[in-house]
Amino acid sequence: MKNLQVVAAIIIYQGKILCVQRGRHEFDYLSDKFEFPGGKVESGETGEEALIREIKEELSMDIRIDSLFCTVEHQYPDFFIELNCFICRVSSYRHTLHVHQQSAWMDPGLLAELDWAEADLPAVYQLIVEKPF
Ligand SMILES: Nc1nc2c([nH]c(=O)n2[C@H]2C[C@H](O)[C@@H](COP(=O)(O)OP(=O)(O)OP(=O)(O)O)O2)c(=O)[nH]1
């Protein structure tokens, strides 16, 4: 079974968090789910390098990585994922969607209203409780 190393950006701007919605995915349980932007770490890259590259590719955004917020380990039916979520800052709310179907700057208190990828739920609940910004 595949074991994925994934990095994700919790991008904070003026007290809101950028949430992005996937389109169709080969695995139905990921189709149309909300997630934090990011992706797989490629060989030879650090997690931070991968995250900066992914956010540039997916959103045309330049992020500053602040700190590692949490690590979630989750078993999906078809693969295992280690998801490292970093708190990130930007100097503008502006972005362009190159991969996702929708994005929203969300008030932290409203995060639970979105339909998240299952692996993200522990990170979402930790954000709601700890409010690290
Ligand atoms: N970027 C990101 N991926 C997540 C999150 N939560 C979660 O389960 N994932 C999963 C979805 C994907 O299986 C994997 C990330 O890989 P990816 O972004 O390259 O997505 P993908 O599988 O569609 O890509 P690909 O193989 O088609 O190139 O991690 C999250 O918050 N952010």
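Residues numbered from 1 in each chain as written. Predicted model: local features only at pLDDT ≥ 70, side-chain atom pairs only at ≥ 80, totals over all residues. Heavy atoms only, no water.

- Per an unreviewed UniProt entry, the chain goes by 8-oxo-dGTP diphosphatase and derives from Pedobacter antarcticus 4BY.
- Heading Sequence similarities (unreviewed entry) of the UniProt record for the chain holds this comment: "Belongs to the Nudix hydrolase family." (UniProt positions renumbered as here; feature names shortened; annotations may be inferred.)

## Describing the site of the ligand
Thought 1: Within the structure, the ligand sits among 15 residues, and Arg22, Phe36, Lys40, Tyr76 and Asp120 are positioned closest to it.
Thought 2: At a separation of 3.3 Å, an oxygen atom of the ligand approaches a polar side-chain atom of His25.
Thought 3: Within the backbone of Phe36, one N or O atom sits 2.6 Å away from a nitrogen atom of the ligand.
Thought 4: Among the elements of the structure, strand S4 (38-40) and strand S6 (79-89) are those that each provide at least two residues to the shell around the ligand. (Near = heavy atom within 4 Å. Polar contact = N/O pair within 3.5 Å; in protein donor to acceptor, adjacent residues only side chain to side chain. Helix = DSSP H or I, 4+ residues; strand = E, 2+ residues; numbered from the N terminus.)

## Brief notes about the pairing of strand S5 (residues 64-75)
Thought 1: Bridge count for S5 against S6 is 10 bridges, and the pairing is antiparallel. Looking across to S6, one finds that Cys70 is bridged to Cys85.
Thought 2: Adjacent in sequence and paired antiparallel, S5 and S6 are bridged by 3 residues. (Pairing = 2+ DSSP bridges.)

## Points about unusual backbone geometry
Thought 1: Not every positive phi belongs to a glycine, and Asp32 is a case in point at roughly 65 degrees.
Thought 2: Following the sequence through the fold, Asp32 ends up in the loop between strand S2 (16-21) and strand S3 (34-35).
Thought 3: At Lys131, a residue that is not glycine, the phi angle is positive and equals roughly 40 degrees.
Thought 4: Position of Lys131 among the secondary structure elements: in the segment after helix H2 (121-130).

## A word on the confidence of the model for the chain
Thought 1: Summarising the model, the chain shows a mean pLDDT of 97, and 100% of its residues fall at 70 or more.
Thought 2: Interface confidence in the predicted complex, given as ipTM, is 0.95; pTM for the same model is 0.97. (pLDDT = per-residue confidence, 0-100.)

## A few points about the pattern of salt bridges
Thought 1: Summed over all chains, the structure comprises 9 salt bridges.
Thought 2: A salt bridge links Glu57 to Arg53, with the nearest nitrogen and oxygen atoms 3.5 Å apart. In this pair, Glu57 and Arg53 are both assigned in helix H1 (residues 47-59), 4 residues apart and thus about one turn of the helix distant.
Thought 3: Its relative accessible area of 45% is what places Glu57 among the partly exposed residues.
Thought 4: Judged by its relative accessible area of 18%, Arg53 is buried.
Thought 5: Residues joined in a network through salt bridges with shared partners are Glu42, Glu45, Arg53, Glu54 and Glu57. (Salt bridge = Lys/Arg side-chain N within 4 Å of Asp/Glu carboxyl O. Buried < 20%, exposed > 50% of the residue type's maximum accessible area, 1.4 Å probe, protein only.)

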